[in-house]
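# Structure assessment
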Amino acid sequence: MYRTEVPAYGTLMDIVARVNTATLNADPALKHRLEETDSLERVSEERHGAIRLGTAAELAMMRRVFAVMGMFPVGYYDLSEAGVPVHSTAFRPVGDAALKRNPFRVFTSLLRLDLIADEALRAEAETILQKRQIFTASAAELTEKAEQQGGLDADDAKRFVAEVLETFRWHNQAKIDLAMYKRLHDAHRLVADVVSFKGPHINHLTPRTLDIDEVQRLMPEYGIAPKAVVEGPPSRRCAILLRQTSFKALEEAVSFQDADGTWQQGTHTARFGEIESRGIALTPKGRGLYDKLLTESRKVVRPAADGSNARAYEKALADAFVPFPDSWAEIRDQGLGYFRYSLTPKGRSTIGSADVSIDQLVADGLVCFDPIVYEDFLPVSAAGIFQSNLGDEAAQEFAANPNQQRFERDLGASVLNEFDHYAGIEAQSIAECRALLSAAQA
Ligand code: OOG
Ligand code: NI
């Protein structure tokens, strides 16, 4: 649906597929590894998308809808500090098996009208939002049925997908008149994007790329305008966290109806395409170092929206990240990243001692470790993606104003803490190694 709605997105998918194929052909070892760990044929498929919701009721219902598909809220992101009046979570599969099957996430933001200064406008926007119903009646019924039965049969599942798809569809007719649109837009472009329409259209989708710098470089050759810089850490041997970049949102025709029934043509800019590439999940200590180095790099060069200092920014970023170790062994030794442990062939055949420390088991060659992939998002990067798609002129200041409690109340559930989650995966892998080693002993 999105590919049809946004043709430039189709072009981006083509570039990604081409670059991924070239990367795999040039690196047989990588190809082999992906064959072992992921399903290779899905390498170029979408890994996340994003929507923006207007009310607590919409967010709470969205949580129930995603739960039917095995997707649960992970993480809390406050974007107010970055000048965007929303806070967000990501709905995603959580368990290992579910992630392997389909590692797709939806970055879901809730508008914060409380951050809009104009009180009259705020009240009008609230009234407009209260009146809309973003889910079809059948989508709501099927969600309830799934909750009661603990799932849906194949026929219902098919209907459920078709019904829920309606919520994510683009509408080229606004629900408000052009004058109101302009007032909302002047308050903040994002307010206009959320309030003006019948529902929370998908605003981007994001395939995974094996060479993000190359896709970024190629976009202009295909007539697509990339955002100025790739967000996140610099290019490294050992990839950490998440790197992402997008093409700039397109101006699309929208019609607005006046009170007397006449239609007026206008435009709205919201929809774009993005690419991502993921690395190891960092511990709080590793994340602290990442945040510190990123802040330092931005003190040297702040990336300009027009791309004029992109090279200088890349250099400042690379320089700033020199202190971040670039080997898995050092990252592990210094407690910066999360790893999954497993027995080596020697470990499988040795009568080892389960009681010694994990470091000793590694040193003895009984246990090896692989990085755990970061499945979540980064607020500074998300802000950069938002910002470049809201119009580059539009940086607006709000005071940092996180309110996770409020968000969770609106959501009707608490979000999973991502650090606890990764720590749990790591701990479980260690426990499994120990169990196997003591079984070998018995
Ligand atoms: C979401 C922007 C954040 C990401 O990848 O960090 C995001 C939005 O524009 O609604 O998708
Ligand atoms: Ni995104």
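Throughout, residues of each chain are indexed from 1 in the direction in which the sequence is written. Just so you know, chain letters begin at A and ligand numbers begin at 1, following the order they were written in. With the structure being a predicted model, the display of local features is reserved for residues of pLDDT at least 70 and the display and counting of side-chain atom pairs for 80 or more, all residues being used for whole-chain, interface and lining totals.

The name given to the chain in an unreviewed UniProt entry is 2-oxoadipate dioxygenase/decarboxylase, with the source organism recorded as Rhizobium mesoamericanum STM3625. UniProt lists a comment for the chain under the heading Sequence similarities (unreviewed entry), and it reads "Belongs to the 2-oxoadipate dioxygenase/decarboxylase family." As stated in UniProt under Cofactor (unreviewed entry), the record for the chain gives "Fe(2+)". UniProt positions are given in the numbering used here, feature names are shortened, and annotations may be inferred rather than shown by experiment.

## With respect to the overall build of the chain
Within the chain, the secondary structure is distributed over 19 helices and ten strands. For this measure, only C-alpha atoms enter the radius of gyration; the expected value for a globule follows 2.2 Å times N^0.38, where N is the number of residues. Against the compact-globule benchmark of 22 Å for 442 residues, the chain has a radius of gyration of 23 Å, which places it among compact chains. Here the chain, with 442 residues, has 40% of them falling under the buried criterion. By definition, any uninterrupted DSSP run of H or I lasting at least four residues is a helix, any uninterrupted run of E lasting at least two residues is a strand, and each is numbered from the N terminus. As a rule, residues whose C-beta atom has 12 or fewer other C-beta atoms within 10 Å are exposed, those with 20 or more are buried, and those in between are partly exposed; C-beta atoms are placed from the backbone.

## Details of the packing of helix α12 (residues 284-300) against helix α13 (residues 310-320)
Angle between the axes and distance between the axes: these two values describe a pair of packed helices. The angle between two axes is taken between their N-to-C directions and runs from 0 to 180 degrees, where each axis is a line fitted to C-alpha atoms and a helix contributes only its stretch in contact. In contact at an axis separation of 8 Å, α12 and α13 are set at 140 degrees when each is read in the N-to-C sense. The hand of the α12/α13 crossing is right-handed. Contacts between α12 and α13 involve Leu-293, Glu-296, Ser-297 and Val-300 from the first element and Ala-316, Leu-317 and Ala-320 from the second. All amino acids are sorted into three groups, where Ala, Val, Leu, Ile, Met, Phe, Trp, Tyr, Cys and Pro are nonpolar, Asp, Glu, Lys and Arg are charged, and the leftover types, Gly among them, are polar. Partitioning the contact of α12 with α13 into residue classes produces five nonpolar, one polar and one charged. Each helix crossing is assigned a hand: it is left-handed if the near helix lies turned anticlockwise from the far helix by less than a right angle, otherwise right-handed if that turn is clockwise. We call two residues in contact when the distance between their C-beta atoms, placed using the backbone, is within 7 Å.

## Here's the deal with the site of ligand 1
Any residue whose C-beta atom, as set from the backbone, lies within 6 Å of a molecule or strand is reported as near that molecule or strand. Around ligand 1, the surrounding shell holds 13 residues, and the nearest of these are Ala-50, Phe-107, Ala-382, Ile-385 and Phe-386. Sorting the residues of the shell around ligand 1 by element identifies β1 (46-53), β4 (105-111) and α17 (379-389) as the ones contributing at least two each. Across the shell around ligand 1, the residue classes tally to six nonpolar, five polar and two charged.

## Thoughts on the pairing of β1
By the criterion of burial, β1 is predominantly enclosed, with seven of the eight residues buried. As paired strands, β1 and strand β5 (residues 204-207) are joined by four bridges and run antiparallel to one another. If you follow Ala-50 over to β5, its bridge partner there is His-204. Pairs of strands are assigned from DSSP output, requiring at least two bridges between the strands. Note: β1 against β4, six bridges, orientation parallel.

## Let's talk about the domain arrangement of the chain
Residue ranges labeled as domains rest on an automatic or database domain assignment. Partitioning the chain into structural domains gives domain 1 (2-279 + 375-411), domain 2 (282-328) and domain 3 (338-371 + 417-442). Inter-centroid distance (C-alpha atoms) of domain 1 to domain 2 is 25 Å. Contact with domain 1, which involves twelve residues of that partner, is made by 17 residues of domain 2. Here the residues of the side of domain 1 that touches domain 2 sort into eight nonpolar, one polar and three charged.

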